[in-house]
Amino acid sequence: DLRVAGEIRAEHGSADVVIARNVIPHVKEIHSIIGGIAHLLDDGIAVIEFHTASRIVTELHYDSIYHEHLFYFSLFTLVSLCERYGLRAFEVFDSPISGGSRVLVLARTNRAVSSALRDEMAEEEAAGLNDHRAWEAFGRASKLHALELHDVVQNRSRGSRIVGYGASARSSTMLNYAGITSDCVAAVIDENPYKQGRYTPGTDLPIVSRPKGLDLLGREGTLLLLAWNFADEILGELRRDGINNDVIVPLPGSVHMA
């Protein structure tokens, strides 16, 4: 925050680079944090990564909307917030984290604004992303998607044991919103040993190790890829290990099989 930024600057001077990776949406004292970043800079730059609202809306990332995330930024809203503190955006690029993030680059000094930033700001405006109607439509689409996911999992569970993969906050949000419980899913795999032996909040699915979960899955079971935002990594590893079971991939977009 601004106080800590003052202490850092007093001890070390101004910063060449301040990096905030996937942190700005989580902080309550948002104005003090942005003010602190600005206070640390003279000729340096700030680099802010955030889960972009455009991907949340277009790809239905409703599983990312939970208690930890206090803010959901579009390019326009983050640029506008930073401008209040003298931070001017001049570049943007994509990051794969959270299923689709953007990285905004800012400075207190004047920099040439990239064509990428100008184009993406124009795309947001054309899409109406910063209009409440876009978010009302997102809400309706999310409800329909959750119903579809529930039906797919329920129907599949009648002829196949289902094991989830990934016991994250996002997966808990999805499971609860879609009403998916132990009636359909036997367990959820997570490689974090601190989660194993516990249960998913609200839906009470046992969290198990990868070996135990794959044993439950067997050759005929179906995986529910709750950690869909790491699909390439997880599916690649499973296929390399010779695990060729069907996989339900809830997002992005419509429910599909892999």
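Conventions adopted
- Residues numbered from 1 in each chain as written.
- Predicted model: local features only at pLDDT ≥ 70, side-chain atom pairs only at ≥ 80, totals over all residues.
- Heavy atoms only, no water.
- Helix = DSSP H or I, 4+ residues; strand = E, 2+ residues; numbered from the N terminus.
- Buried < 20%, exposed > 50% of the residue type's maximum accessible area, 1.4 Å probe, protein only.
- Contact = heavy atoms within 4.5 Å.
- Areas by Shrake-Rupley, 256 points an atom, 1.4 Å probe, with all protein chains shown as cover.
- Lys, Arg positive; Asp, Glu negative; His and termini not counted.
- Charge placed at Lys NZ, Arg CZ, Asp CG, Glu CD.
- Core = buried A, V, L, I, M, F, W, Y, C linked by side-chain atoms within 4.5 Å.
- 1 Å grid on protein atoms, 1.4 Å probe; cavity = no way out; pocket = protein on both sides within 12 Å on 5 of 7 lines; lining within 4 Å.
- Points joined across faces, edges and corners; volume = space filled by probe spheres on them.
- Nonpolar A, V, L, I, M, F, W, Y, C, P; charged D, E, K, R; others polar.
- Pairing = 2+ DSSP bridges.
- Polar contact = N/O pair within 3.5 Å; in protein donor to acceptor, adjacent residues only side chain to side chain.
- Axes fitted to C-alpha atoms, helices over the stretch in contact; angles between N-to-C directions.

A. Spotlight on the overall build of the protein. Within the protein, the secondary structure is distributed over 9 helices and 10 strands. Based on the C-alpha atoms only, the size of the protein along its principal axes is roughly 60 × 40 × 35 Å. Expressed as a percentage of its 258 residues, the buried residues of the protein come to 47%. For the protein, restricting intrachain contacts to residue pairs at least 6 apart in sequence, the fraction spanning at least 24 positions comes to 69%. Looking at the protein as shown, the accessible area adds up to about 13,100 Å², and 52% of this sits on carbon and sulfur atoms. Averaging the locations of the 25 positively and 34 negatively charged side chains of the protein gives two centres separated by 3 Å.

B. Region of interest: the nonpolar core. Membership of the largest hydrophobic core comes to 44 residues, with the highest contact counts inside it found for Leu-149, Val-153, Val-185, Leu-223, Leu-224, Leu-225 and Leu-238. If near-sequence neighbours (up to four positions away) are discounted, Val-153 is found in contact with Ile-162, Ile-180, Cys-184, Val-185, Leu-224 and Ile-248. Counting 27 residues, the second-largest nonpolar core is a separate cluster that includes Val-27, Ile-34, Ile-37 and Leu-87.

C. Just the layout of surface pockets, in detail. Of the voids in this model, the largest pocket is the one considered here, and its volume is about 610 Å³. As for the largest pocket, its lining consists of 30 residues, and the residues nearest its centre are Ser-168, Arg-170, Ala-227, Asn-229 and Phe-230. Mapped by element, the contributors of at least two residues to the lining of the largest pocket are helix H7 (169–178) and helix H9 (231–240). Among the residues forming the lining of the largest pocket, the class breakdown is 14 nonpolar, 9 polar and 7 charged.

D. Geometry of the sheet that holds strand S10 (residues 256–257). Ordered by their spatial adjacency, 6 strands build an open sheet running S7-S6-S5-S8-S9-S10, and the pairing between neighbours is mixed. Whereas interior strands pair on both sides, the edge strands pair on one side only; in this sheet they are strand S7 (207–208) and S10. In terms of strand pairing, strand S9 (residues 247–249) meets S10 through 2 bridges, oriented antiparallel. Looking across to S10, one finds that Ile-248 is bridged to Met-257.

E. Focus on the side chain of His-51. Residue position: His-51 is located in strand S2 (residues 41–51). Judged by relative accessible area, which is 10%, His-51 ranks as buried. Looking at His-51, its side chain comes within polar contact range of the main-chain oxygen of Ser-98, at 3.2 Å. With residues near it in sequence (within four places) discarded, His-51 still touches Ile-56, His-61, Ser-64, Phe-73, Ser-98, Gly-100, Ser-101 and Arg-170.

F. Expanded view of the side chain of Arg-170. Assignment of secondary structure puts Arg-170 in helix H7. A residue is classified by how much of its surface remains accessible, and Arg-170, at 8% relative accessible area, is buried. Apart from the residues within four sequence positions on either side, Arg-170 is in contact with His-51, His-61, Asp-63, Ser-64, Tyr-66, Ser-98, Gly-99, Trp-228 and Asn-229.

G. Seen up close, the sheet that holds strand S1 (residues 15–21). Pairing in this open sheet of 4 strands is mixed, and the strands run S1-S2-S4-S3 from one edge to the other. Strand pairing shows two members of the sheet lacking a second neighbour, S1 and strand S3 (88–95), which therefore form its edges. Direction aside, the axes of adjacent strands within the sheet are offset by 15° on average. Bridge analysis of S2 against strand S4 (residues 101–107) gives 7 bridges, and the strand direction is antiparallel. Paired with Val-47 across the two strands is Val-105, which belongs to S4. Across the sheet, helix H4 (residues 75–83) lies against S2, S3 and S4, angled at about 25° from S4, the strand it touches most.

These figures come from the coordinates and say nothing about function on their own.
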